[in-house]
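Listed below are the residues making up each chain.
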Amino acid sequence: MTHYSFDQAGRIPAPGDNVAIAGRRLDAGSTIATQAGTLRLPHTVMEGHRFASAPIAPGEPLLSWGLPFGKAIRPIAPGDYICNEKILQALSQRSIDFELPRAANFKDHLERYVLDERAFRPGKQVASHAAPRTFEGFRRGAARGVGTRNMIVVLGTTSLTAGYARTLAARFADVPGRFPNVEGVVAVTHTEGGGSTLPNNLDFLLRTLAGFMVNPNVGAVLAADFGTETVNNQLLRGFMREHGYPLDELPHEFISLSGEFQAELERGEAIVRGWLDPVNACTRTPESVAHIRIGLQCGGSDAFSGVSGNPLAGWVSKETIRNGGSANLAETDELIGAEPYVLANVRDLDTARRFLEKIDIFRERAANHGHSAEGNPSGGNNFRGLYNIAIKSIGAARKKDPDVRLDYVIDYGQRMTAPGYYFMDSPGNDLESVAGQVAAGCNVILFTTGNGSITNFPYVPTLKFVTTTPRFNMLAHEMDVNAGRYQDGLPMERLGAETFELMLKICSGQPCLGEKAGHSQVSIWRNWAQTDASKVEQILKAPQPGGRPLPVRKLAAPALRFTAIRTLRGVAADQVGLIVPTSICSGQVGKQIADKLNAKLAGHADPWGVSRYVALVHTEGCGVSGGYSEHLFLRTLLGHLIHPLVRKGLLLEHGCEKTHNDAMRHFFREQGVDESQFGWASIQMDGGIEKVTDKVERWFAAQSATPPAAAPGGPGSAGFAAAGLESVRLALSAVGDLDDGPARGMARLAQAIVSGGGLVVIPENAGLLRSRAFKDALFVAPHEVFPTLGYGQPAPEPGLHVMESPTDHSIETFTGLGATGVEAMLAHVVGPPLQSHPMIPLIQVSGEPRTLKRFGRDLDLALAPQAEPEALAAALLDKLAAVLSRQYTPRLFAQGNTDFQMTRGYLGVSM
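Residues numbered from 1 in each chain as written. Predicted model: local features only at pLDDT ≥ 70, side-chain atom pairs only at ≥ 80, totals over all residues. Heavy atoms only, no water.

Here the focus is the overall build of the protein chain. Helix and strand counts for the protein chain stand at 28 helices and 36 strands. Rg of the C-alpha trace for the protein chain: 28 Å, near the compact-globule value of 29 Å for 911 residues, within the 12% margin. By its C-alpha atoms, the protein chain is 85 × 65 × 55 Å across when sized along the principal axes. Residues counted as buried form 63% of the 911 residues belonging to the protein chain. Sequence-distant contacts, at least 24 apart, represent 76% of the contacts inside the protein chain between residues at least 6 apart. If you sum the accessible surface of the protein chain, you get close to 32,000 Å²; carbon and sulfur atoms cover 51% of it. (Helix = DSSP H or I, 4+ residues; strand = E, 2+ residues; numbered from the N terminus. Rg over C-alpha atoms; globule rule 2.2 N^0.38 Å. Buried < 20%, exposed > 50% of the residue type's maximum accessible area, 1.4 Å probe, protein only. Contact = heavy atoms within 4.5 Å. Areas by Shrake-Rupley, 256 points an atom, 1.4 Å probe, with all protein chains shown as cover.)

Quick look at the structure:
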């Protein structure tokens, strides 16, 4: 038994609260001295979780910061572990070493806030300093403001040009060393605008792209599209002109990629090189702090975010406003329950109404997808003491100092045009919210994190405030500010003043730690599928595909042989080491580790037969609704991990996300998958980027040091084997419509593989399935073609399968196909070629004359429209055999024009 003084054990955020936050782990049986006497803990209480500090009767509210976050459902004695059903469920999935309470003692209770308009009184803004402070910034035109950075941006206007933007920007990695005033050439890519119809988030998307271009940290910008997308440069440029964006105040170019990949890279490179000298000619000059626009964020929040980190961000924002600057509070759903606090000091009645209107719209959008806006807290939030949206919001709202007045409510990505304090409508998804703030004009981000979120926008510096000293010490190389010093006794005035000075240094050019680590991520508020709730039940009750292949017309299988690699699970076309980030926030770190492993692998034989390392960088796993869409996501990750091409796979969590490692383990157990076959690493829990990189490297090295003795060919040898059609696993698709000749040739190819015992998977959105010639030639019952596999579902047996495709986005489709177990992909394209899957080679062919003329050197095979189906199929089989034997690498795959994007299905929505 341990005895604590109350100051040693916990913290009560506000007088009158009846629950306390545990400042450390408090073991069962511990006693705590309080003014009312000594209380005893019947259960172990985790750090950041709450225990009762006073008796609470059934029906009474539980209070933190003086606001209710639930109601007691049974008598609660002082010292009792405060827990609802959700927290018990969340902790049951975690690896913990103590016994949980058997039942919840409170239930969530959130009353909808009603504004008393008759009692409303306008608030007052904090007084301004007589002489504003200055920082060293890059002065732009009058309408753009002042930049804290000077970067050239390569913008993929839609997700379809992401590979181009990344490849082009990579050619300028040496720029900062040669041009002292140019701090980099960076790619800005995202998931949006790649479908065949205008998205429901069109206004959000156009505002964001337009704001990205004119943000004051941008020295010049190149926007790239194909010109054929529904959201394209023409639409974007027209939107910017119509809405008065100051496009003429910066060097810019809109280009449509109309030729082959390398030629377009050279065209883009020439444009960017022409900007280097003029952008470098812009130098830092002393500028008023009135030009600083802060984006306020919290991610990986914990119980102490509202105690230390968020109040510190609020203090710095207040000081910035007193110097004439502005701040932007976001994350609409993370303020539900904190409305009384936010609206205690507001400019006028219309502003208060508009704030509440944004919350109502958010609630409605979530309900249209079968979700509640109150379901925001992630598994990481729960683990670190945030029980529900009310308790999370009460702490999140502390990014607004109580002395500061809410001046403006703006839409997502809407530009900030005056000094003051703003609220911007956005989801709780940190990175989607940051994108809107950058589009609004923010030139620095203050990011509060309890768990230690590691993030940075490509051209806007991000200062990360960690809420406790132990967590700061664990992640000192990634966290800029230890807000935990406030809990250790440092006065907020002193900590705030120090942090304000640090922000001015960062705005003046000192790199933040995220920039030093080379870390950057972008995610725009993703499109949503439903505009009302009428289809939710139909979608949820739809029958699931049965997994049985469809009957096809068989033929005498041709002789096909290729050289495969022996593995313990049979033969495969290749063997890779796979890093699977469990969320968006660990994606870039995973990519950095894979690049480092590939550099070490170059020129050295791996005893496991691993040819390369791959990281599947994506945008999901946190800040998105659960249920149906989450299952698609988890199934797709699992399908890649158990893929025949994967020799060894490792899961890399950020540490605070919804789909953390423990959640993944829980899902694997439900699916009957042995979790011990994979590696597991955590950026936060393993101590940051450097330490987790070392851990992952050591794990893969240990696998290579002990190759499977049972592998055919003996220890240390992967071994090779001659394989035939029975070992072919192919995804077959077509983007755009195709003529009857190529359609029959591709049908013949599918017939040959299936007749030989192999696997063919076709997505249901493929142009092939719109071709009568293809269906009549291939299927026994052409009018009875339906999905046999769910999106991202591994094929349980060979044959011809059709995979569900919730969208017509090509990259989302190929991402789902990758999880089915196919080892190669083949697509007939009409128009621009496609970005390849990063792990599975994509063979691109065409028989359409204009496509062949424009993109011939990017394609792997030209199909003669008048050729016999047998000849076309034979040519396709030959190319496929060369790929499966590792003798030929598809052209765009070899050039790194790849992407990986999860679907959210019909019911996924940002939260």
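Where helix α23 (residues 740-755) meets helix α27 (residues 869-884), the closest approach of the two axes is 8 Å, and the angle between their N-to-C directions is 60°. Here α27 runs oblique to α23, going by the angle between their axes. Note that α23 runs across α27; the crossing there is right-handed. Facing α23, whose interface residues are Gly-741, Pro-742, Arg-744, Gly-745, Met-746, Arg-748, Leu-749, Ala-752 and Ile-753, α27 presents Pro-869, Glu-870, Leu-872, Ala-873, Leu-876, Leu-877 and Leu-880. Split by residue class, the contact of α23 with α27 holds 11 nonpolar, 2 polar and 3 charged. (Axes fitted to C-alpha atoms, helices over the stretch in contact; angles between N-to-C directions. Parallel < 35°, antiparallel > 145°, perpendicular 65-115°, else oblique. Left-handed = near helix turned anticlockwise from the far one by under 90°. Nonpolar A, V, L, I, M, F, W, Y, C, P; charged D, E, K, R; others polar.)

The next thing to look at is the packing of aromatic side chains. Using the criterion set out here, one finds 22 aromatic pairs in the structure. On the basis of an interplanar angle of 75° and a centroid distance of 6.5 Å, the ring pair of Phe-774 and Phe-779 is categorised as edge-to-face. Both residues of the pair, Phe-774 and Phe-779, belong to the buried class. Of the aromatic side chains, those joined through ring pairs into one cluster are Phe-204, Phe-362, Tyr-412, Trp-525 and Trp-528. Positioned over the ring face of Phe-69 is Arg-50, at 5.9 Å from the centre of the ring. Stacked on the ring of Tyr-341, the Lys or Arg Arg-398 has its end atom at 4.1 Å from the ring centre. (Phe/Tyr/Trp six-rings, centres within 6.5 Å; stacked < 30°, edge-to-face > 60°. Lys NZ or Arg CZ within 6 Å of the ring centre and 35° of its normal.)

Ordered by their spatial adjacency, 3 strands build an open sheet running β11-β10-β16, and the pairing between neighbours is antiparallel. Looking along the sheet, the strands with just one partner apiece sit at the ends: β11 (146-147) and β16 (285-288). Note: strand β10 (residues 134-139) against β11, 2 bridges, orientation antiparallel. Paired with Phe-138 across the bridge in β11 is Gly-147. (Pairing = 2+ DSSP bridges.)

Attention shifts here to the environment of Asp-17. Mapped onto the fold, Asp-17 is located in the loop between β2 (10-11) and β3 (19-22). Among the residues examined, Asp-17 registers a relative accessible area of 8% and is labelled buried. C-alpha separation for the pair Asp-17 and Ala-52, spaced 35 residues apart in sequence, amounts to 9.4 Å. Ignoring anything within four residues of it in the chain, the contact list for Asp-17 reads Ile-12, Ser-53, Leu-63, Ser-64, Trp-65 and Gly-66. Here Trp-65 takes part through its backbone nitrogen, which lies 2.8 Å from a polar atom of the side chain of Asp-17. For Asp-17, the side chain forms a polar contact with the main-chain nitrogen of Gly-66, separated by 2.8 Å. (Polar contact = N/O pair within 3.5 Å; in protein donor to acceptor, adjacent residues only side chain to side chain.)

For the rest of this paragraph, the subject is the nonpolar core. In terms of nonpolar packing, the biggest core is built from 107 residues, with Phe-212, Tyr-459 and Met-503 touching the most fellow members. Other than its neighbours up to four places away in sequence, Met-503 contacts Ile-292, Ile-294, Val-316, Thr-320, Val-444, Leu-446 and Leu-463. Counting 85 residues, the second largest nonpolar core, distinct from the first, contains Leu-616, Val-754, Phe-779 and Leu-800. (Core = buried A, V, L, I, M, F, W, Y, C linked by side-chain atoms within 4.5 Å.)

The next subject is helix α10 (residues 349-367). The terminal C-alpha atoms of α10 lie 27 Å apart, and with 19 residues this matches the ideal 27 Å at 1.5 Å per residue to within 8%. Within α10 the residues assigned to the buried category are Thr-351, Ala-352, Phe-355, Leu-356, Lys-358, Ile-359, Phe-362, Arg-363, Arg-365 and Ala-366. Buried-residue contacts for α10 involve α5 (202-214), α9 (339-342), β19 (408-410) and β20 (420-424). (Expected span 1.5 Å × (residues − 1).)

Take unusual backbone geometry next. For Trp-65, which is not glycine, the phi torsion reads 55° and is therefore positive. Inspection of the secondary structure puts Trp-65 in the loop between β7 (61-64) and β8 (67-72). One non-glycine residue, Arg-886, lies in positive phi territory at about 65°. Relative to the helices and strands, Arg-886 is located in the loop between α27 and α28 (891-894).

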